[in-house]
Protein chains: 2
Amino acid sequence: MAVVSTTTPAAGSRDLPHPVRDDIRLEGVLHAFSDPMRLSIVRELAADGDELSCSHFDLPVTKSTTTHHFRVLREAGVIRQVYRGTAKMNGLRRDDLDDLFPGLLDTLLTAAARQSRRLGDG
Amino acid sequence: MAVVSTTTPAAGSRDLPHPVRDDIRLEGVLHAFSDPMRLSIVRELAADGDELSCSHFDLPVTKSTTTHHFRVLREAGVIRQVYRGTAKMNGLRRDDLDDLFPGLLDTLLTAAARQSRRLGDG
DNA sequence: CACGTACTACGATGCCTATCGTACGAACCG
DNA sequence: CGGTTCGTACGATAGGCATCGTAGTACGTG
């Protein structure tokens with residue numbers, strides 16, 4: 001323990017708006033997944049299984065654009081974002097998504113992996 | 001046989017461009033599904049199981065907009081369109097989609113139905 | 001051929017969005 | 001405090017897209 005109270009006093013100072021579980025819409029989730037950049041972000045998050053900082057991702061776009069994509073994912077309810085020090089950690093909202101749309105996340109990830117393999121870039 | 005040659009001589013006169021199976025992209029499919037209008041079209045097509053004419057659908061938009069949505073669905077590889085007389089018949093490309101992304105179509109349809117029930121409009 | 005039906009094509013409109021660059025804020029390190 | 005790293009905010013831009021209305025084409029029927 002003592003992680004939050006001592007080393008990260010700033011955690012929670014800047015907080016980000018997330019949609020409540022029941023406000024998550026399928027259309028929004030699918031729209032979030034329909035961008036190649038965001039799809040790769042989600043795949044990497046799922047592959048790692050834990051939280052990853054924004055800077056961990058090496059996307060072929062500028063940092064402002066990266067910020068934009070993470071915001072779209074958060075507002076669609078796909079990821080959960082939390083500040084930890086200067087870093088912003090990102091994690092999949094697997095629990096909520098599985099609850100709302102059982103099997104959807106895994107099916108999408110499988111489909112993405114399959115296509116990646118088929119196109120020869122995975 | 002003799003279906004094409006006798007009863008539908010016009011079938012094939014005006015032909016519509018469809019993507020080949022291997023050109024279907026997950027992002028495109030998800031984008032097609034991310035519009036409420038198109039989502040309801042696909043749900044109805046799946047519920048019926050067979051081909052339906054464009055005019056069968058009673059959407060809260062004009063006919064030009066309806067045409068637009070059907071084209072998006074076709075170009076994404078979600079549906080197959082064929083002229084039969086003056087009518088344009090629409091059918092899901094279930095075979096190709098299941099081949100490329102096993103389980104995706106059913107999972108999406110289930111998720112859509114579930115959300116519809118949850119929101120109380122299904 | 002004339003008419004009705006089914007769908008299209010085209011142009012317009014207004015909104016959304018992916019992208020960038022620059023300037024800024026917040027936290028950590030020395 | 002000064003510098004560095006991480007991420008944001010804002011404005012600009014260019015392209016995409018959902019929508020409409022009108023005019024037009026293809027087909028079937030009488």
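Residues numbered from 1 in each chain as written. Chains lettered and ligands numbered in written order. Predicted model: local features only at pLDDT ≥ 70, side-chain atom pairs only at ≥ 80, totals over all residues. Heavy atoms only, no water.

An unreviewed UniProt entry lists chain A under the name DNA-binding transcriptional ArsR family regulator, with Streptomyces pseudovenezuelae as the source organism.

> Can you break down the interface of chain B and chain A residue by residue, with the values?
Taken together, the 25 residues of chain B in the interface contact 25 residues of chain A. Both faces combined, the contact of chain B with chain A buries some 2200 Å², and carbon together with sulfur accounts for 65% of it. Counting the contacts that link chain B with chain A gives zero salt bridges. For the pair chain B and chain A, the number of links is eleven residue pairs in polar contact (both at pLDDT 80 or more). At the level of elements, helix H2 (26–33), helix H3 (36–48), helix H5 (94–100) and helix H6 (104–119) of chain B are the ones that each hand at least two residues to the side of chain B that touches chain A. (Contact = heavy atoms within 4.5 Å. Buried area = accessible area lost by both parts, 1.4 Å probe. Salt bridge = Lys/Arg side-chain N within 4 Å of Asp/Glu carboxyl O. Polar contact = N/O pair within 3.5 Å; in protein donor to acceptor, adjacent residues only side chain to side chain. Helix = DSSP H or I, 4+ residues; strand = E, 2+ residues; numbered from the N terminus.)

> Outline the protein's contact with DNA strand C, supporting the account with residue identities and numerical values.
Around DNA strand C sit 26 residues, and of these Thr-62, His-68 and His-69 of chain A together with Thr-67 and Lys-88 of chain B come closest. The sugar-phosphate portion of DNA strand C accounts for 74% of its atoms within 4 Å of the protein, the bases making up the rest. In this structure, a phosphate oxygen belonging to DNA strand C sits 3.3 Å away from a main-chain N or O atom of Cys-54 of chain B. Between DNA strand C and the protein, one listed contact pairs a phosphate oxygen with a side-chain N or O atom of Thr-67 of chain B at 2.7 Å. Only helix H3 (36–48) and helix H4 (63–76) of chain A together with helix H4 (63–76) and strand E3 (87–92) of chain B provide two or more residues apiece to the surface near DNA strand C. Partitioned by chemical class, the residues of the surface near DNA strand C number six nonpolar, 14 polar and six charged. (Near = heavy atom within 4 Å. Nonpolar A, V, L, I, M, F, W, Y, C, P; charged D, E, K, R; others polar.)

> Account for the confidence of the model for chain A, naming residues and giving values.
The share of residues in chain A with pLDDT of 70 or more is 89%, and the mean pLDDT across the chain is 90. Note on residues 1–12 of chain A: pLDDT is under 50 here. Beyond four places in sequence and across chains, it has five contacts. (pLDDT = per-residue confidence, 0-100.)

> Can you break down empty space enclosed by the protein residue by residue, with the values?
Residue and element names in this part refer to chain B. Within this structure, the stated rule accounts for one cavity of 30 Å³ or more. Its boundaries defined by the atoms lining it, the largest cavity holds a volume of some 40 Å³. Around the largest cavity, the lining residues are Val-29, Phe-33, Leu-97, Asp-98, Phe-101, Leu-104, Leu-105 and Leu-108. Tallying contributions element by element places H6 first for the lining of the largest cavity, with three residues. A class-by-class count of the residues in the lining of the largest cavity yields seven nonpolar, no polar and one charged. (1 Å grid on protein atoms, 1.4 Å probe; cavity = no way out; pocket = protein on both sides within 12 Å on 5 of 7 lines; lining within 4 Å. Points joined across faces, edges and corners; volume = space filled by probe spheres on them.)

> Got a sec to walk through the side chain of Ser-53 of chain A? Specific residues and values, please.
Residue and element names in this part refer to chain A. The residue Ser-53 is located in strand E1 (residues 52–53) in this model. Within polar-contact distance, the side chain of Ser-53 engages the side chain of Ser-55 at 3.1 Å. Apart from residues no more than four positions distant in its own chain, Ser-53 is found in contact with Ala-87, Lys-88, Met-89 and Asn-90.

> So what's going on with the sheet that holds strand E1 (residues 52–53) of chain B? Residues and values would help.
Pairing between the strands of a sheet comes from backbone hydrogen bonds, and it takes one of two forms, parallel or antiparallel. Residues and elements named next belong to chain B. With antiparallel pairing, the three strands of this open sheet are ordered in space as E1-E3-E2. The open sheet has two edge strands, E1 and strand E2 (79–84), and neither has a second partner. Here two bridges tie E1 to E3, and the two strands are oriented antiparallel to one another. Note that in E3 the partner of Leu-52 across the bridge is Asn-90. Across the sheet, H4 touches E2 and E3, and the angle it forms with E2 is around 120 degrees. (Pairing = 2+ DSSP bridges. Axes fitted to C-alpha atoms, helices over the stretch in contact; angles between N-to-C directions.)

> Kindly report on the relation of the copies chain B and chain A, identifying the contributing residues and their values.
In screw terms, the move from chain B to chain A is a rotation of 180 degrees and a rise of 0.0 Å along the axis, fitting with an RMSD of 0.1 Å. The transformation just described matches what one would write down for a two-fold rotation axis. (Least-squares fit on C-alpha atoms with pLDDT ≥ 70 in both.)

> Describe in detail H3 of chain B, supporting the description with residues and values.
Residues and elements named next belong to chain B. Over its 13 residues, H3 runs 18 Å from end to end, which matches the ideal 18 Å to within 8%, given 1.5 Å per residue. Taken together, the buried positions of H3 are Met-37, Arg-38, Leu-39, Ile-41, Val-42 and Leu-45. Sitting at the head of H3, Asp-35 places a side-chain oxygen 2.8 Å from the backbone nitrogen of Met-37. (Expected span 1.5 Å × (residues − 1). Buried < 20%, exposed > 50% of the residue type's maximum accessible area, 1.4 Å probe, protein only.)

> I'd like a description of the sheet that holds strand E3 (residues 87–92) of chain A, backed by residues and values.
All names here are of chain A. As summarised here, the arrangement of the three strands in space is E1-E3-E2, forming an open sheet in which the pairing is antiparallel. Each having just a single partner strand, E1 and strand E2 (79–84) make up the two edges of the open sheet. Across the face of the sheet, H4 comes into contact with E2 and E3 while running at roughly 120 degrees to E2.

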